[in-house]
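Coordinates in review
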Amino acid sequence: MRYGSINAAVLTIAATCAVAMQAEVPSAIAIKDAHVVTVSGADLPRGTVLLRDGLIEEVGVNIAVPADAWVIDGSGLTVYPGFIDALSTWGIPSGAPQASANRPTGGAPTTPAPAAQTQPEPRAHGPEDRPQTYSFERAADLVNPSESRIEAARAAGFTTSATFPNRGIFEGLGAMIDLAGTRGRDMVVVQPVGQQIVFRLGPSGFGRTFPTSLMGNIAYVRQLFLDLNQYRQAKQIYDAHPGGNRRPEYDHDLEGLAESPRILLPADEAQQIDRMLSFGQELKVPFVVYGMHEAYRRIDELKQAGVPVLVSLKWPEKPKNADPAEQQDYRQLEMQTQAPAVPGMLAKAGVKFAFYSDGVDNAADLKKAVKKAIDAGISRADAIKALTLNAAEIYGAGDRLGSIEKGKIANLVMTKGEAFEDKTTVEYVFIDGKEFEPSKDLQKEPANRGEPKQPAISGDRGAN
Amino acid sequence: MRRLAAFSLIAVATALAASSQSILIRNATVLTVTKGSIQNGSVLIENGKIAAIGKNVSAPADATVVDATGRYLMPGIIDCHSHTAIEGGINEGSVSDSSMVNIKDVINPYDINIYRALAGGLTVSNVLHGSANAIGGQTVVIKLRWGKTAQEMLFDGAKPGIKFALGENPKRQGYPQESFFTQGQVVERRYPGTRMGVEEVIRESFTEAKNYQAEWKDYENRVERGEHPIPPRKDLRLDPLVEVLEGKRYVHAHCYRADEILMLLRVANEMGFKIRTLQHVLEGYKVAKEIAAHGAGASTFSDWWSYKIEAYDATPYNAAIMARKGVVVSLNSDSDELQRHLNLEAAKVMRYGGLSETEALAMVTINPAKQLGIDETVGSIEVGKSADLVLFDKHPLDNFSKVEKVWIDGHQYFDREKDLETRPAFEQKKKALEEKLKPAAQRPARGQGGSNPTAEAIQ
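Parameters at a glance
- Residues numbered from 1 in each chain as written.
- Chains lettered and ligands numbered in written order.
- Predicted model: local features only at pLDDT ≥ 70, side-chain atom pairs only at ≥ 80, totals over all residues.
- Heavy atoms only, no water.
- Pairing = 2+ DSSP bridges.
- Helix = DSSP H or I, 4+ residues; strand = E, 2+ residues; numbered from the N terminus.
- Axes fitted to C-alpha atoms, helices over the stretch in contact; angles between N-to-C directions.
- Buried < 20%, exposed > 50% of the residue type's maximum accessible area, 1.4 Å probe, protein only.
- Polar contact = N/O pair within 3.5 Å; in protein donor to acceptor, adjacent residues only side chain to side chain.
- Contact = heavy atoms within 4.5 Å.
- Salt bridge = Lys/Arg side-chain N within 4 Å of Asp/Glu carboxyl O.
- Phe/Tyr/Trp six-rings, centres within 6.5 Å; stacked < 30°, edge-to-face > 60°.
- Lys NZ or Arg CZ within 6 Å of the ring centre and 35° of its normal.

**Some words on the sheet that holds strand S7 (residues 122-127) of chain B**
Residues and elements named next belong to chain B.
- A sheet is described by the order of its strands in space; here 8 strands give the open sequence S6-S7-S8-S9-S10-S11-S12-S13, paired in mixed fashion. Looking at strand neighbours, the two that pair on one side only are strand S6 (77-82) and strand S13 (329-331), the edges of this open sheet. Adjacent strand axes in the sheet meet at a mean angle of 25°, parallel and antiparallel pairs treated alike.
- Sheet topology places strand S8 (residues 135-143) next to strand S9 (residues 161-165); 3 bridges connect them, and they run antiparallel.

Okay, here's the thing in structure tokens:
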């Protein structure tokens with residue numbers, strides 16, 4: 001009962017032009033007899049999911065398939081809510097404004113995207129010059145459905161990402177986007193969902209532009225939040241008492257910051273987690289911490305803080321170009337062995353967390369990265385939840401995304417085999433109720449594909 | 001409490017500041033520094049404090065007894081000038097006045113140099129911003145509670161400081177440079193380029209700070225009068241300078257030449273604040289009287305100079321001369337290496353300047369404590385003070401002496417024997433991790449570089 005002929009045609013086209021193609025759109029699709037992992041409720045070993053007009057119309061066991069629905073035989077397949085990358089640059093083309101190429105990012109967990117050569121910023125002489133501040137930039141205005149990494153993401157079963165602009169210390173306003181659409185605006189589900197903060201370290205601390213050090217970055221972030229408080233207070237007082245007061249100046253940067261429903265703070269190592277938990281509390285804004293590779297030392301503290309956590313899927317490894325004579329210290333070795341166990345420990349402790357791609361852009365690597373966490377102790381169900389409902393809830397989109405429930409956006413992924421197993425393939429991806437053919441070629445290891453091997457992305461991961 | 005029970009770092013990290021257990025250190029030569037020495041003396045530690053000192057000290061039956069026969073017990077060593085345990089750069093050198101940055105924000109409690117310093121008897125460090133700019137960042141005093149978090153290492157009650165720097169380092173930024181630091185690019189100059197400019201930066205910043213202070217006072221007055229003024233902008237750069245003016249924050253000023261030392265004292269007098277310590281202060285011997293008159297302390301090197309032009313006119317008698325002229329003098333490390341043997345630095349002032357043993361030891365204990373305003377609780381072995389103690393196998397001023405045990409607040413943070421004992425097990429654990437990672441990195445390890453003895457090693 002597959003509408004196989006359409007798929008075959010699509011495959012041919014997809015193979016030739018490598019652009020995601022979308023099947024002809026039926027108004028309703030019924031997925032029958034599939035193993036349905038709803039995430040929010042019980043698994044249905046043989047269930048039906050009915051999609052109509054971009055939404056999940058019905059999910060259950062004994063559901064009548066309407067006459068107008070196209071039917072997909074799901075036997076032998078598993079349906080999950082579409083996976084969500086909880087901190088991403090997917091959808092923002094590399095031609096969009098990026099961090100200045102001559103300013104190395106020493107920032108800890110960053111999401112590296114190809115840097116485009118742009119004019120360096122004028123030299124900042126202090127916080128007043130608002131260095132590297134793009135708090136007003138909107139991912140929603142930058143995303144493009146033809147961005148090159150989207151197809152690979154879909155091939156890995158991702159339908160959605162919390163995408164953030166990628167330059168500066170205050171990176172701008174992120175958006176929850178669907179990884180498909182005709183125009184950028186079709187992709188946006190919720191925006192703004194937050195403000196990502198990245199610490200950018202300059203060379204050595206001598207000369208150049210403020211800030212160069214980690215403490216300079218922290219001081220700057222702290223100052224901008226003080227400025228925001230003052231700005232709000234000034235506006236309030238002025239509105240109440242315009243006579244005798246000078247009018248507060250409109251401030252583009254602070255308006256962007258004011259609009260951020262939450263901030264994302266980088267914290268990879270244990271002391272960075274301590275630092276950012278107390279910094280976030282000091283700033284008195286809702287916050288999320290991201291990175292978390294050494295969180296195995298701070299599970300209790302994270303639980304106690306009650307702060308949502310984003311775990312990078314770029315597991316730490318020995319640097320590729322390391323001096324062979326150089327020995328790694330105990331802590332580095334421990335981090336390389338223990339980091340993949342973090343998700344399991346967070347799940348066990350009941351800390352709300354989600355995964356993010358952190359520059360892992362190809363489908364085979366994404367699958368392996370999640371598998372590594374499963375092998376290190378997280379249950380598949382918890383891993384799936386982290387990749388779906390948790391991610392949606394962290395950004396306040398749990399009412400429309402992240403589970404297979406009546407009324408939610410019809411973002412689904414169907415696999416043959418359980419998700420993230422070596423032999424498993426992604427067979428169907430639905431975004432806003434439309435089917436996308438996940439590229440089988442992109443699901444293979446880069447070396448086994450019919451295309452030149454891509455260079456590894458080397459994220460500059462300095463001290464944060 | 002934390003997950004991996006196997007990693008005993010955790011065991012240290014969860015125990016809180018003071019150990020409630022009683023410890024009796026018996027039969028040592030107790031070098032109290034402030035109250036003379038006691039042969040065959042004992043020290044009783046209770047609740048993290050020194051409870052009794054003397055020849056005959058009675059201890060509760062359940063006290064842990066440390067037999068220190070033939071050993072020497074001295075107060076924990078204090079370093080008034082350190083850059084250890086700072087993460088992400090010790091300088092915010094991009095601006096002439098970086099007083100908005102704070103070392104407290106970036107303490108890295110996992111820095112192995114903390115543990116290595118402990119192994120040399122160091123218990124307290126004044127962690128300073130670098131000297132790239134005339135007014136550097138805010139500084140913090142820590143206790144080397146290895147295994148604890150950054151927050152738990154802070155010296156409770158120690159007054160915060162701010163770093164100043166005079167001379168070559170801050171003015172070097174004024175040269176257009178193409179160097180290692182700038183990755184081959186010629187970068188725009190940063191003011192100042194002269195010693196005059198350094199002076200001007202300090203005067204300018206404090207002028208601004210006074211205006212800022214006045215602006216806030218004016219605002220508060222207007223609020224009190226029932227008006228509705230818009231508050232001034234809170235400025236993280238000027239706040240600490242106002243604290244300096246109000247005596248709530250110490251100034252630690254890096255300096256070398258006599259003329260610039262006098263310049264700084266004049267500017268401080270003019271602006272109405274005090275210099276708490278002059279750091280390095282190699283030409284201090286020339287202006288010791290003026291330093292003493294201002295009430296500034298001097299924290300210098302024992303015998304290190306000639307590493308740059310402004311450090312040539314120096315003498316190892318500097319510390320002794322300043323001390324004799326009434327200046328409170330300490331010897332500092334400014335180095336991850338030197339901080340491990342400050343006791344030997346102290347010994348040098350006996351050779352150069354003929355100071356007594358006690359005067360020498362004071363320069364790495366009670367004197368830096370006085371300079372940091374923490375001499376009420378640390379810096380000597382006195383009843384009621386924190387039990388920050390170091391047990392040496394020989395006299396600490398002996399070149400061949402080694403640290404055997406170190407206590408901070410009565411909690412033992414270093415034990416030489418245990419460290420050596422646990423090294424093989426630690427190596428095993430490390431090997432096991434390496435084995436686990438083998439498929440990822442197949443190449444055989446070359447060289448036998450020393451591994452880092454971490455807290456795992458001492459537990």
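Next comes the rest of the account.
**Focus: the side chain of A:Thr133**
Residue and element names in this part refer to chain A.
- Take threonine 133: it is sitting in the loop between strand S6 (83-88) and helix H2 (139-142).
- Residue class for threonine 133 comes out buried when judged on its relative accessible area of 6%.
- Among the polar contacts made by the side chain of threonine 133, one reaches the main-chain carbonyl oxygen of arginine 130 at a distance of 3.3 Å.
- A distance of 2.5 Å separates a polar atom in the side chain of threonine 133 from a polar atom in the side chain of tyrosine 220.
- The contact partners of threonine 133, leaving out residues within four places of it in the chain, are Glu121, Phe170, Tyr220, Leu224 and Asp253.

**With respect to the pattern of salt bridges**
All names here are of chain A.
- Inspection of the entire model under this criterion finds 66 salt bridges over all chains.
- Between glutamate 294 and arginine 297 there is a salt bridge whose closest N-O contact spans 3.0 Å. The burial state of glutamate 294 is the same as that of arginine 297; both residues are buried.
- Where glutamate 334 meets arginine 297, a salt bridge forms, and the shortest distance between an N and an O atom there is 2.9 Å. Of this pair, glutamate 334 sits in helix H9 (residues 330-338) while arginine 297 sits in the loop between strand S11 (287-291) and helix H8 (299-305); the two residues are 37 residues apart in sequence, bridging distant segments of the chain. No difference in accessibility class separates glutamate 334 from arginine 297, as the two residues are buried.

**Considerations on the packing of aromatic side chains**
- Considering all chains together, one arrives at 23 aromatic pairs over all chains under this definition.
- When the centroid spacing of 6.3 Å and the interplanar angle of 50° are considered together, the rings of A:Phe170 and A:Phe225 count as tilted. Separated by 55 residues along the polypeptide, A:Phe170 in strand S8 (residues 170-178) and A:Phe225 in helix H5 (residues 214-240) bring together distant segments of the chain. By the burial criterion, A:Phe170 is buried, and A:Phe225 matches it.
- An aromatic cluster of three or more residues is present, and its members are A:Tyr80, A:Phe83, A:Trp90, A:Phe158 and A:Phe420.
- Taking NZ or CZ as reference, A:Arg331 lies 4.0 Å from the ring centre of B:Tyr110, over its face.
- Lying across the ring of B:Tyr352, B:Arg351 places its NZ or CZ 4.8 Å from the centre.

**Brief notes about the environment of B:His81**
Residue and element names in this part refer to chain B.
- Note on placement: histidine 81 falls in strand S6.
- Residue histidine 81 is classed as buried on the basis of its relative accessible area of 1%.
- Spatially, the C-alpha atom of histidine 81 lies 5.2 Å from that of aspartate 334, the residues being 253 residues apart in sequence.
- Setting aside anything within four residues of it in sequence, one finds histidine 81 in contact with Asn126, Leu128, Lys163, Gln279, His280, Asn332, Ser333 and Asp334.

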